[in-house]
Amino acid sequence: MLIPFSPRPRRFGDTVCSVHQQSLETRPAVFQTRESEQLDDDSYLGYSTITGDFLGTGEQGIAVGMPRGAELHGKVLLYTWNLTNYKNISSSQLGSYFGYSLAAGDLDGDGKLDLIIGAPMHTEPNTEDKYDVGRVYVFYQGGGFGSFNKSSFIDGMNSRSRFGHSVAYLGDMNQDGFHDFAVGAPYDGEFNRGAVYIYYGSSKGVLEKFGQVIYAEDLNTRSGIPVNTFGFSVTGGLDMDGNDYPDMAVGAYLSNSAFFFRSRPVVRLEAFVRFRTENKQIDIKNKNCNLPTGERATCTTIDFCIKYGGKGIPQQIQLHVQYILDSKKSNIPRMMFLRRGSHTLNDTITLYKDSQDTCQTEEIYIKNDIRDKLTPLEAEVKYFMIQEEDAFDYRRMRNPQSQLKPVLDLNLPPSRKDSIIIQKNCGHDNICIPNLHINITKNVEKYLLDSKTNLEFDIIVSNLGEDSFETTLELSYPEGVHYKKTEVKDDVLGILCSPGLKRTLTCEIGNPLPARKIASFRMIFVPYHTQGIPPTYEFDVHVNSTNPESNDTLQDNYSRITIDIWVDSALDVSG
């Protein structure tokens, strides 16, 4: 199908445009659009054109860009094979040159072509000295009446870069079943020499983050002269070197150059890491193994399994593997490898193409007396491919028959994770909701100043709900008293109080404080005389836990103790 753009002069300064379609096989069959209205003079109809099945009927149609159409907002017109205009798409920003460039590909894998539209003059409002950043829109064909009504967009990052000046379909570069595309920004980069961004498709459409960016500064030329306007034009989607991967070409007109980029073979890894525990829980009360120190501990195992495949890749690869336990708590990890006594482990494994899973098993143990029993225990495995380094060979780089080294699929994260939770006495959902209550009895209602009597508080913290983890009591006391000590009965364990800043005390009273249990202890303070003493002593006491309590039961977590101060004054009357 041949689609020539045919402007014809109407009067000085105006241009009227139309689109022609002619079959190369049957020359007499020629169609053209009607002459545009005067309103569309200088709208640049036909500035960009692509063909494709945009109706989902199996018949080819045409998409035509009109970057100054729709009253300078820009417009893309969709035509059937006989140039019947059935749908128009426009942008909301004046002067963005929406429709300057066009491409199409099945980005979401639904079997229908989606439209990729460049608007290189797009400018974010209220951004001083930042203009012509550029934007690329993706309109998804979908199906039925709502065709091309779903859309997303990607913005350029730098002022005057003109991101979206060119766009190009690249085919399926990483062989994942979704089409990919390139975006040219000919004035992007540190020195405004241009860049090309590569975006990958997925089941949800185009990925927001680019998979790769190539800057003009990255290029090596024989002349050594810097490349300019790199990305002014882009094309791709054809396998030029016969390695089963589509390649890409980029133009840089100010440098009188075009660059051919070969796609490297892609290794697609399938991997998982898995704890060997039932129901993704572990009972840390079950001490089922011996540590090298002879101490009993809770142990389990993790499996890491991996395999790979792809086109044009080696029959064998090596991976460097790093195991990390409790990665979210790397400063104080709660798990360790049994054979190393550390929370990290490095290894190298060899894989064979299209073989069954290669698996590694490691024994781990959970430290005794850990504080945090709520945060999941996580195991992460990171990996990257080991490749032999060779010297840079410019002639080999330019030889289209040379074999390229494979790379890992950039869209698949080079790590896998699994997690388990510590089994708790919290019912079938394993989620504990405590109900804490504080009760305080004081030894005096009124304190006689300088009476040498201590202030003693008998404190009972009750948990009327499910287990309460890292349960703490915080107490603040006034000037005029010293903290002396906390007394706990001999048969009560796990209560520890320590002074803090600004006359505060923090007491650890249970991890957990079990359901339907209490923590009972006595706190003793010694008053002393000070200038400007207030008429009362006030103590604020608050009890809390790391697993949150229901809002409607929080009111009894706080108590204020007030003790009036009496002064014994001697009256001496003389006369």
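Here, every reference points to the structure presented above.
A quick note: this is a predicted structure, and the numbers were derived from the prediction, not measured.

Cut-offs applied
Counting of residues starts from 1 at the beginning of each chain's written sequence and follows it residue by residue. Residues qualify for local features only when their pLDDT is at least 70, as the model is predicted, and side-chain atom pairs are given and counted only at 80 or more; totals for whole chains, interfaces and linings, by contrast, use all residues. Excluding hydrogens and water, the side-chain figures rest on all heavy atoms present in the structure. Under the DSSP-based scheme used, a helix requires at least four consecutive residues in state H or I and a strand at least two consecutive residues in state E, with every element numbered from the N terminus. Whether two residues are in contact is decided by their heavy atoms: any pair within 4.5 Å suffices. Strands qualify as paired when DSSP identifies two bridges or more between them. Axis definition: a line fitted to C-alpha atoms, over the contacting stretch in the case of helices. Angles run 0 to 180 degrees between N-to-C directions. The working definition used for a salt bridge is a side-chain nitrogen of Lys or Arg within 4 Å of a carboxyl oxygen of Asp or Glu.

Draft legend 1. Summary view of the environment of Leu-377. For Leu-377, the position within the fold is in strand S27 (residues 377-386). Each C-alpha atom, one on Leu-377 and one on Phe-275, is 9.9 Å from the other, the two residues being 102 residues apart in sequence. Excluding its chain neighbours within four sequence positions, the residues that come into contact with Leu-377 are Phe-275, Ile-282, Asp-326, Arg-334, Met-335, Ile-366, Asp-418, Ser-419, Ile-420 and Ile-422.

Draft legend 2. Representation of the sheet that holds strand S18 (residues 257-261) within the structure. Read across the open sheet, the 3 strands follow the order S16-S17-S18; overall the sheet is antiparallel. Only two strands of the sheet have a single partner each, and these edge strands are strand S16 (233-238) and S18. On average, each strand axis in the sheet is inclined to that of its neighbour by 15 degrees, with strand direction left out of account. Sheet topology places strand S17 (residues 247-252) next to S18; 5 bridges connect them, and they run antiparallel. The residue of S18 that forms the bridge with Ala-252 is Ser-257.

Draft legend 3. Summary view of the sheet that holds strand S37 (residues 517-527). Strand order in the open sheet formed by 4 strands is S30-S32-S37-S34, and the pairing between neighbours is antiparallel. At either margin of the open sheet sits one strand with a lone partner, and together these are strand S30 (436-442) and strand S34 (481-487). Across the sheet, the mean angle separating the axes of adjacent strands is 25 degrees when strand polarity is ignored.

Draft legend 4. Molecular detail of the pattern of salt bridges. Going through the model one piece at a time under the given rule, you end up with 21 salt bridges. Measuring nitrogen to oxygen at the nearest pair gives 2.6 Å for the salt bridge that ties Arg-522 to Asp-458. In this pair, Arg-522 sits in strand S37 while Asp-458 sits in strand S32 (residues 455-463), placing the two residues 64 residues apart along the sequence. If you follow the salt bridges from partner to partner, you end up with Asp-326, Lys-329, Arg-334 and Asp-372 in one network.

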